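# A look at the structure
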Amino acid sequence: MSKLTHLDETGRARMVDVSDKPATTREALAGGFLRMSPDTLALALSGEGKKGDVRAVAEIAGVMAAKRTADLIPMCHPLALSKVEVRVEAAEGGLSVTARVKTTGPTGVEMEALTAASVALLTLYDMLKAAEKGMVIETVRLLEKTGGKSGDWRA
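Residues numbered from 1 in each chain as written. Predicted model: local features only at pLDDT ≥ 70, side-chain atom pairs only at ≥ 80, totals over all residues. Heavy atoms only, no water.

## Considerations on the nonpolar core
Definition in use: Put simply, buried Ala, Val, Leu, Ile, Met, Phe, Trp, Tyr and Cys residues joined by side-chain atoms within 4.5 Å make one nonpolar core. Exposure is judged per residue with a 1.4 Å probe applied to protein chains only, and the accessible area is read against the type maximum: over 50% gives exposed, under 20% gives buried, and values in between give partly exposed. Counting from the N terminus, the helices are the DSSP runs of H or I reaching at least four residues and the strands are the DSSP runs of E reaching at least two. Residues count as neighbours in contact if any of their non-hydrogen atoms are within 4.5 Å of one another.
Counting 27 residues, the largest nonpolar core has Met36, Leu95, Val97, Leu124 and Leu128 as its most contacted members. Elements with a minimum of two residues in this core: strand S1 (24-35), helix H1 (38-46), helix H2 (54-67), strand S2 (81-91), strand S3 (94-105) and helix H4 (110-128). Broken down by element, the residue count for this core peaks at 9 residues, all from H4. Residue contacts for Val97: discarding those within four places in its chain leaves Ala30, Gly31, Gly32, Val86, Arg87, Val88, Ala117, Ala120, Leu121 and Leu124.

Take a look at the structure:
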């Protein structure tokens with residue numbers, strides 16, 4: 001197992017010092033899925049729910065979340081994000097969410113993409129829970145990342 005970068009030599013949590021790392025273009029794509037009944041999916045896609053267009057609201061919530069990741073995850077660096085794109089799409093059995101985040105800097109944006117996808121999914125759940133409380137958020141994960149010292153990675 002490789003050394004965990006957020007722990008010092010005594011095992012105490014720390015924010016990684018990235019001051020000597022070069023600024024490079026970095027991008028990450030994360031995704032997740034909200035499983036629901038066909039009736040709830042139809043309601044979500046209709047745009048006629050009591051709370052409005054649930055997909056648009058979830059996409060905006062995901063963008064906002066990506067920008068606040070350092071406020072939520074203790075060891076994340078605040079980053080100047082150059083792109084955040086969140087998409088909510090119909091899929092078999094529910095709604096699929098993807099979040100693509102990009103920056104030029106000394107550290108990656110995987111956590112920002114994961115946070116954007118997670119909050120978009122939570123927003124969908126919140127907006128649709130009156131119709132179905134048994135929806136399931138699943139498979140939130142990093143799908144790909146590019147840039148940085150560790151190079152490119154794809155699930």
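Moving on from the model shown.
## What about the environment of Ser118?
Stated formally: Pairs of N or O atoms within 3.5 Å make up the polar contacts considered here, provided that, within protein, one atom can donate a hydrogen while the other can accept it, and that residues adjacent in sequence are counted only when both atoms are side-chain atoms.
Secondary-structure assignment places Ser118 in helix H4. Among the polar contacts made by the side chain of Ser118, one reaches the main-chain carbonyl oxygen of Leu114 at a distance of 2.8 Å.

## What about the pairing of S1?
The side chains of a regular strand alternate, first on one face of the sheet and then on the other. How we decide: The pairing criterion for strands is at least two bridges between them, as found by DSSP.
For S1, the buried fraction is high: 9 of the 12 residues fall into the buried class. Note: S1 against S3, 12 bridges, orientation antiparallel. Bridge pairing in S3 places Phe33 opposite Ser96. Where S1 lies against strand S4 (residues 136-146), 8 bridges are found, and the strand directions are antiparallel. From the neighbouring strand, Glu27 faces S4, where its bridge partner is Thr146.

## Describing the pattern of salt bridges
Here is the rule we go by: A side-chain nitrogen of Lys or Arg and a carboxyl oxygen of Asp or Glu constitute a salt bridge if their distance falls within 4 Å.
A full pass over the atoms with the stated rule returns 7 salt bridges. The partner of Glu138 in a salt bridge is Arg35, and the shortest N-O contact between them spans 2.8 Å. Placement of the pair is Glu138 in strand S4 and Arg35 in strand S1, with a sequence separation of 103 residues. With a relative accessible area of 23%, Glu138 lands in the partly exposed category. By relative accessible area, Arg35 is classed as partly exposed at 39%. For Lys129, the salt bridge identified is with Asp126, shortest N-O distance 2.4 Å.

## With respect to the confidence of the model for the chain
Note the threshold: The predictor attaches a confidence to each residue, called pLDDT, with possible values from 0 through 100.
Per-residue confidence for the chain averages 91 on the pLDDT scale, and 97% of its residues sit at or above 70. Within the chain, the element-level pLDDT minimum falls on H1, averaging 95, and the maximum on S2, averaging 98.

## With respect to the layout of surface pockets
To be explicit about the condition: Buriedness of a pocket was judged along seven lines, with at least five required to meet protein on both sides within 12 Å; pockets are open sets of points on a 1 Å grid over the protein atoms alone, cavities are sets where a 1.4 Å probe fits but cannot get out, and lining residues have an atom within 4 Å of a point. Grid points are joined across faces, edges and corners, and a volume is the space filled by probe spheres set on the points. Three residue categories are used. Nonpolar comprises Ala, Val, Leu, Ile, Met, Phe, Trp, Tyr, Cys and Pro, charged comprises Asp, Glu, Lys and Arg, and polar comprises the others, including Gly.
Here the largest pocket defines a volume of roughly 730 Å³. Lining the largest pocket are 23 residues, and of these Thr5, Lys21, Thr107, Gly108 and Glu110 lie nearest its centre. Looking at the lining of the largest pocket element by element, the count peaks at 3 residues for H4. Here the residues of the lining of the largest pocket sort into 7 nonpolar, 8 polar and 8 charged.

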